[in-house]
Amino acid sequence: MSTEVPSRSTPDASDLSPSSAAETKKYKVIGTRPIRHDGADKVTGKARYTSDVLLPNMAYGALVRSPYAHARIVSIDTSEAEAMPGVLATMTSADLPDPWDKVENLGEGCINYAHLSGNVLARGKALYKGHAVAAVCATNAHLAEEAAAKIKVEYEPLPAVTWVLDAMKEDAPLLHDNLVTQALGEESARPSNIGAHIHFEQGDLEAGWAAADVIVEREFKTSSIHQGYIEPHVSIAMWNEDGRLKIWTGTQGSFVVRQQMAELLKIPVSQVLVIPCEIGGGFGGKIAVYEQPVAAVLSRKCGRPVKIAMRRDEVFEATGPTPGSYMRVKLGATKDGKLTAGEAWLAYDAGAFPGGVIGPGCMCVFSCYDIPNAVVDGYDVVANKPKVQAYRAPGSTHAAFACESVIDELALELKIDPLDFRLKNAVQEGSRRVDGPVYPRIGLIETLEAVRDSQHWNSPLEGPNRGRGIACGFWFNAGLQSSVTAAVNPDGTVSMSEGSTDIGGTRASIAMQLAETLGIAATDVQPQVVDTDSIGYTDVTGGSRVTFATGLAAYQAGLDIQKQMVRRAAELWECDVDQVTVEDGVYRYGDAALSFKELAVKLNNAGDPIVGRASVSPQVSTNAFGAHIVDVEVDPETGKVTILRYTAVQDAGKAIHPSYVEGQMQGGAAQGIGWALNEEYFYDDEGVMRNASFLDYRIPTAFDLPMIETIIVEVPNPDHPYGVRGVGEVPIVPPPAALAIAIHRATGCRMHELPMSPPHVWRAMQDR
Amino acid sequence: MTPVKKHVTTKINGESVEFLCEPRQSLLEVLRDDLALTGCKEGCNNGNCGACTVVLNGRPVNSCLVLAVEAADASIETVEGIAEQGHLDPVQQCFLEGAALQCGICTPGFIVAAKALLDKNPDPTEAEIRFSLAGNLCRCTGYDKIIRAVQAAAQARLAAQQSS
Ligand code: FES
Ligand code: FES
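Note on numbering: residues in each chain are counted from 1, in written sequence order. Chain letters and ligand numbers both follow the written order, the letters beginning at A and the numbers at 1. This being a predicted model, a pLDDT of at least 70 is required before a residue's local features are given, and a value of 80 or more before pairs of side-chain atoms are given or counted; all residues contribute to the totals for chains, interfaces and linings. Think of the side-chain values as coming from all heavy atoms in the structure, minus any hydrogens and water.

### With respect to the overall build of chain B
- The helix count covers DSSP runs of H or I at least four residues long, the strand count covers runs of E at least two residues long, and both are numbered beginning at the N terminus. Helices and strands together make up the secondary structure of chain B, namely five helices and five strands.
- Listing every helix and strand of chain B by position from the N terminus yields β-β-α-β-β-β-α-α-α-α.
- Both definitions apply: the radius of gyration is a C-alpha atom measure, and the globule rule equals 2.2 Å times residues to the power 0.38. Over its C-alpha atoms chain B spans a radius of gyration of 16 Å, differing by no more than 12% from the 15 Å that the globule rule assigns to 164 residues.
- Its C-alpha atoms give chain B principal-axis dimensions of about 55 × 35 × 25 Å.
- Only protein chains enter the accessibility calculation, which uses a 1.4 Å probe; a residue is then buried when its area is under 20% of its type maximum, exposed when over 50%, and partly exposed in between. Counting every position in chain B, which comprises 164 residues, the buried fraction comes to 55%.
- Here, residues are in contact when the closest pair of their heavy atoms is within 4.5 Å. Considering only contacts in chain B between residues 6 or more positions apart, those separated by 24 or more positions represent 53%.
- Put simply, chain B shows about 6800 Å² of open surface, and 49% of that area lies on carbon and sulfur atoms. With residues, only the protein chains shown are counted as cover, and all accessible areas are computed by Shrake-Rupley using a 1.4 Å probe.

### A look at the environment of A:P321
All names here are of chain A.
- Mapped onto the elements, P321 comes out in strand β19 (residues 321–322).
- The exposure class assigned to P321 is buried, which follows from its relative accessible area of 1%.
- Expressed as a C-alpha distance, the spacing of P321 and E753, which sit 432 residues apart in the sequence, is 18 Å.
- Ignoring anything within four residues of it in the chain, the contact list for P321 reads S224, I225, H226, Q227, P386, K387, V388, Q389 and Y681.

### Let's talk about the pattern of salt bridges
- Any Lys or Arg side-chain nitrogen located within 4 Å of an Asp or Glu carboxyl oxygen qualifies as a salt bridge. Taken as a whole and assessed by the stated rule, the structure comprises 52 salt bridges over all chains.
- Linking A:D52 and B:K41 is a salt bridge whose minimum nitrogen-to-oxygen distance equals 2.5 Å. With A:D52 in the loop between α2 (39–44) and β2 (59–65) and B:K41 in the loop between α1 (27–34) and β3 (53–56), this pair bridges two chains.
- With relative accessibility at 5%, the residue A:D52 sits in the buried group.
- Taking relative accessible area as the criterion, B:K41 reaches 2% and is therefore assigned buried.
- Between A:R507 and A:E278 there is a salt bridge, with the nearest N and O atoms lying 2.7 Å from each other. Here A:R507 is found in helix α16 (residues 506–518), whereas its partner A:E278 is found in the loop between β17 (272–276) and α9 (292–302), with 229 residues between them in sequence.
- Of the residues examined, A:R507 reaches a relative accessible area of 9% and is grouped as buried.
- One salt-bridge network, held together by shared partners, links A:R36, A:D38, A:K42, A:E278, A:D502 and A:R507.

### A short note on the sheet that holds β3(B)
Residue and element names in this part refer to chain B.
- The pairing criterion is simple: DSSP has to find at least two bridges between the two strands. Spatially, β2-β1-β5-β3-β4 is the arrangement adopted by the five strands of the open sheet, whose pairing is mixed. At either margin of the open sheet sits one strand with a lone partner, and together these are β2 (15–21) and β4 (59–62). Adjacent strand axes in the sheet meet at a mean angle of 40 degrees, parallel and antiparallel pairs treated alike.
- Two strands pair when backbone bridges link them, and strand β1 (residues 6–12) and strand β5 (residues 75–77) are joined in this way by two bridges, in the parallel orientation. The residue of β5 that forms the bridge with K11 is S75. Interaxial angles span 0 to 180 degrees and are taken between N-to-C directions of axes, which are lines fitted to C-alpha atoms, for helices over the stretch in contact.

### Observations regarding the confidence of the model for chain B
- The predictor's confidence in any single residue is recorded as pLDDT, a number from 0 to 100. On average, chain B scores 96 in pLDDT, and the residues at 70 or more come to 99%.
- Taken together, the chains of this predicted complex give a pTM of 0.96 and an interface ipTM of 0.98.

### What to know about the interface of chain A and chain B
- Tallying the contact residues gives 60 residues for chain A and 53 residues for chain B.
- The largest contributions to the chain A side of the interface with chain B come from A:V43, A:I230 and A:M707, which together make up 16% of the buried area.
- We define a polar contact as two N or O atoms separated by no more than 3.5 Å, with the added condition that, inside protein, one atom must be a possible hydrogen donor and the other a possible acceptor, whereas residues neighbouring each other in sequence contribute only through side-chain atom pairs. Put simply, chain A and chain B have 25 residue pairs in polar contact (both at pLDDT 80 or more) between them.
- Counting residues per element, the side of chain A that touches chain B draws most heavily on helix α19 (residues 658–677) of chain A, at nine residues. As a working definition, buried area equals the accessible area (1.4 Å probe) given up by two parts on being put together, with both sides summed.

### Observations concerning the side chain of A:T162
Residue and element names in this part refer to chain A.
- Inspection of the secondary structure puts T162 in the loop between β9 (152–157) and α6 (164–168).
- Given the relative accessible area of 18%, T162 is considered buried.
- Not counting chain neighbours up to four residues away, the residues in contact with T162 comprise D349, A383, N384, K385, Y683 and G687.

### A short note on unusual backbone geometry
Residues and elements named next belong to chain A.
- Between L754 and P755 the backbone carries a cis peptide bond, its omega angle lying at 0 degrees.
- Here P755 shows up in the loop between α20 (735–747) and α21 (758–767).
- Unusually for a residue other than glycine, L184 sits at a positive phi of about 50 degrees.
- Positionally, L184 belongs in the loop between β10 (182–183) and β11 (186–187).
- Under the relative-accessibility criterion, L184 is labelled exposed at 61%.

### Observations regarding the sheet that holds strand β22 (residues 373–382) of chain A
Residues and elements named next belong to chain A.
- Taken in spatial order, the seven strands line up as β11-β10-β12-β22-β21-β20-β13 in an open sheet, and their pairing is mixed. Strands with a single pairing partner mark the edges of an open sheet, and in this sheet they are β11 and β13 (214–222).
- Relative to strand β20 (residues 325–333), β13 runs antiparallel, the two being bridged by nine bridges. Counterpart to V214 in the pairing with β20 is A333.
- On the sheet, helix α12 (residues 396–413) packs against β13, β20 and β21 (339–351) and is oriented at approximately 150 degrees with respect to β13.

### Considering the nonpolar core
- Core analysis: the largest hydrophobic core is formed by 150 residues, its most contacted members being A:L331, A:F366, A:M756 and B:F95.
- Considering each element in turn, this core owes the most residues, nine residues, to α12(A).
- In plain words, nonpolar cores are sets of buried Ala, Val, Leu, Ile, Met, Phe, Trp, Tyr and Cys residues tied together by side-chain atoms within 4.5 Å. Of all hydrophobic cores here, the second largest spans 44 residues; its members include A:A554, A:F596, A:V616 and A:I656.

### Remarks on the side chain of A:R33
Residue and element names in this part refer to chain A.
- Summarising the element assignment, R33 is placed in the loop between α1 (20–25) and α2.
- At 2.9 Å, the side chain of R33 forms a polar contact with the side chain of S659.
- Among the polar contacts listed, one links the side chain of R33 to the side chain of E662, at a separation of 3.0 Å.

### Structural notes on the domain arrangement of chain A
All names here are of chain A.
- Splitting chain A by domain gives domain 1 (50–158 + 233–309), domain 2 (325–477 + 621–767) and domain 3 (479–616).
- These domain boundaries are the output of an automatic or database domain assignment. A separation of 39 Å is found between the C-alpha centroids of domain 2 and domain 3.
- Between domain 2 and domain 3, the residue contacts involve 16 residues of the former and 15 residues of the latter.
- Buried surface at the junction of domain 2 and domain 3, both sides included, amounts to about 1200 Å², of which 68% is carbon and sulfur.
- Across the domain 2-domain 3 interface, the total number found is zero salt bridges.
- In this structure, the connection of domain 2 to domain 3 is made through seven residue pairs in polar contact (both at pLDDT 80 or more).
- Side-chain classes are defined by residue name, with Ala, Val, Leu, Ile, Met, Phe, Trp, Tyr, Cys and Pro counting as nonpolar, Asp, Glu, Lys and Arg as charged, and the others, Gly among them, as polar. Looking at the side of domain 2 that touches domain 3 residue by residue, the class counts come to seven nonpolar, seven polar and two charged.

### Remarks on the packing of aromatic side chains
All names here are of chain A.
- Only rings of Phe, Tyr and Trp enter the pairing, Trp through its six-membered ring, and a pair is recorded when the two centres are within 6.5 Å. The plane angle decides the type: under 30 degrees is stacked, over 60 is edge-to-face, the rest tilted. Enumeration according to the criterion identifies 21 aromatic pairs over all chains in this entry.
- The interplanar angle of 75 degrees and the centroid separation of 5.9 Å between the aromatic rings of Y439 and F474 together place this pair among those described as edge-to-face. One end of the pair, Y439, is in the loop between α13 (418–425) and α14 (444–452); the other, F474, is in strand β23 (residues 466–475), and 35 residues separate them in sequence. There is no split in this pair, since Y439 and F474 are both buried.
- Grouped by ring-pair contacts, the aromatic residues F316, Y681, Y683, F694 and Y697 constitute a single cluster.

### Examining the confidence of the model for chain A
- Looking at chain A as a whole, the pLDDT averages 95, with 97% of positions reaching at least 70.
- Contacts of residues 1–23 of chain A to residues separated by more than four positions or lying in other chains number 49 contacts, the stretch itself having pLDDT below 50.

### Thoughts on the pairing of strand β29 (residues 592–595) of chain A
All names here are of chain A.
- Judged from the four bridges that link them, strand β28 (residues 586–589) and β29 form a sheet pairing that is antiparallel. Bridging across to β29, V586 finds its partner in S595.
- Counting the residues that bridge the hairpin from β28 to β29 gives two residues, and of these G590 lies at a positive phi of roughly 55 degrees.

### Points about the state of the cysteines
- Note on terminology: disulfide denotes any pair of cysteine sulfur atoms within 2.5 Å. Going through the model one piece at a time under the given rule, you end up with zero disulfides over all chains.
- Left without a disulfide partner, A:C137 is nearest to the cysteine sulfur of A:C302, which lies 3.9 Å away.

### Some remarks on the domain arrangement of chain B
Residue and element names in this part refer to chain B.
- With domains assigned, chain B is organised as domain 1 (6–81) and domain 2 (90–163).
- Once you take the C-alpha centre of each, domain 1 and domain 2 turn out to be 22 Å apart.
- Carbon and sulfur atoms make up 65% of the area that domain 1 and domain 2 hide from each other, which totals about 870 Å².
- For the pair domain 1 and domain 2, the interface holds zero salt bridges.

Right, dumping it as structure tokens:
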């Protein structure tokens, strides 16, 4: 059991007091709720997002996209477009260097540069509706769109396939003639749409089934959905005559954009400068490049900066969906409620190129439970859809929908309370996950206990057509590389530079850790997200890693500053370095005592300026677990599901800025709710998405949701000085399963397919 | 072929403004690209996200759905005009204190729409706030903290009124 008390944090807007857990640890800054440093910029409209950047003499690009889901490109004729007044340049994939088959990990998954290049501009074949095939730039954006319409592309349409099981069939249309299946280090002889077969196992599955008294097996399906960030993809490229390429973009990783640009354009990384602008949401979908290399080549051709902004329909049709999936999960347990065996068979589509999110799906499917005998098989399958990208805990939400639903059914068959059943089988320190790792100190049990003790769980839910569900979720959380520098200013404040683009308040959570280390106020640290020439390498803002890893770098940069300050204080006081003590930001020698600020002011007049630096690469997962409770009412006439009450419970390790931890939990839950109840790509028989707008692809609005209550559990992460675990991703994982279970309690119907939109729920109620 | 431009005179944030625009240009495009009022954002350009919300003649509108020529002789308020004389509006202040933004791309639209709501209905219920802001999409926050910030701003405005 944790030494920490879960801090119940469902504050009124007026309750901005420090959390109780912060008091127990006696932190001064950590656990408080200061106003974020970039806040005023963002509420006044002054913050600069990429599309707000207007460069002198800027040209505008537009893309020509395939109207077919699958087609051979016979010819491309740009001559008519080029003849238009105001048109500056055109390009096709022939203007990109020949790509190489090189695979690299970009932090939230691997990328193959040949595939990436072929996704940026189609080579030979268009592989999905909306696949970019050519581009043009002109003196204004309207002209560029008109010119794009004048680029003549002749296509030979081919049969398309969008559903993962259809794509796996022997006679399915092949997307890539040379794609063979990678399985356990071997390659299949024949090409197919299956890029990889993943297999994990532990224990003895047959013995596990034999030991089970009850076995439940079910199949599940989910549709493709989109990250749905409100800011469309926008970039500006300026390729100077001296060979230097500058990119302004809203990205989750400026250094990984630099890397991708260098690889795709075959230029040294030193020739690329990426200037990260504010980013209007990403959720995993703004890591891979799309329009950036196109803008770069057009800029080189026309000698001007070129801006390319996608329309919303382009965002839906050509960027990052999460996979559609088919899953089978089978679990067995003894009469007294101990899981003995589990088997999962998962097929996720990867979109047009192999390398989707099946890997983490397979690792996550049984990640919450101690199952001694288990086998997992997973298939990565290409289909005529946009290339799948990471979406918040990529792959885990699908798998949890399947596993948690079966867990619930199994518990009911065993006549064991589903929460007790989960508690009995929950993973803890020492449990081995099916893909190998043994968990260090984790907080799933404490999270489930917080559910059990919560006001929500203990309040009655009455009335017809109502039901309550609960489900768990897991995400690994990454470490990876981060760099921070921090300079002490003459007035005793600190200017901090870091490379993690701030997607939701991480300037504050990183600066607060530096402030805590130095014993100064959060407002005395001024954080800046800087460009790729101005800081050491920093991996993506993804994997829920920034507050953990870049925060760790800030802590170490703080220690570096402190060491220098101690040395300088010793010089000042003419004593030995080890005679100077530091506590809570006060430096002491004998009777002399100076605060950090006082000392900084004194040191300013003499000697070297004080600059701290640190770079880190923690090789650990910080292992986050969450559990959500939801109450619903289902309209028997229409099948519409209304959420009456929602509570998200999660182990955050240590909440640095509790408001932003709650915000991650609430935002993730809302995305999971949208996934569960509304969102889906509607494909017609031709493989064309028929709902590529925010009107027809409905994400939750303020009117669709209730308040989302949060309970932050704090089981400190042993691998971080302040105990931080990643928090961003795990809250999207439980909602679909929790809602499916709640709908079951309300209607008696088991939902095996996402989304559980009114037509699907209504149909299930008719069939019951 | 660039179409003939129209001359438009209007009032933005209390100041008289003139511009030339093509008939096909939206108010959003002119505000952002020609007048450098980049506080209003483009999320969809077809009226479905509310990121481009401005107040036109006292009513919140999606500026991507208004033609720039329709702004002639109108009065427009954008997010740039909300903070006055170095002071944030209570709505802005409550968004900051309540951590009602993450990426911030939806924030200007929400601030303009929320202020317009409170100007019309100073003490709205939670349901009224949710209904009024349903045209503004936020993908990051789950809306909880946004709704609470608007509630807090309403209370702050009422308190300020009573004390004055
Ligand atoms: S940009 Fe105007 S409503 Fe989305
Ligand atoms: S804060 Fe990102 S969309 Fe609302």
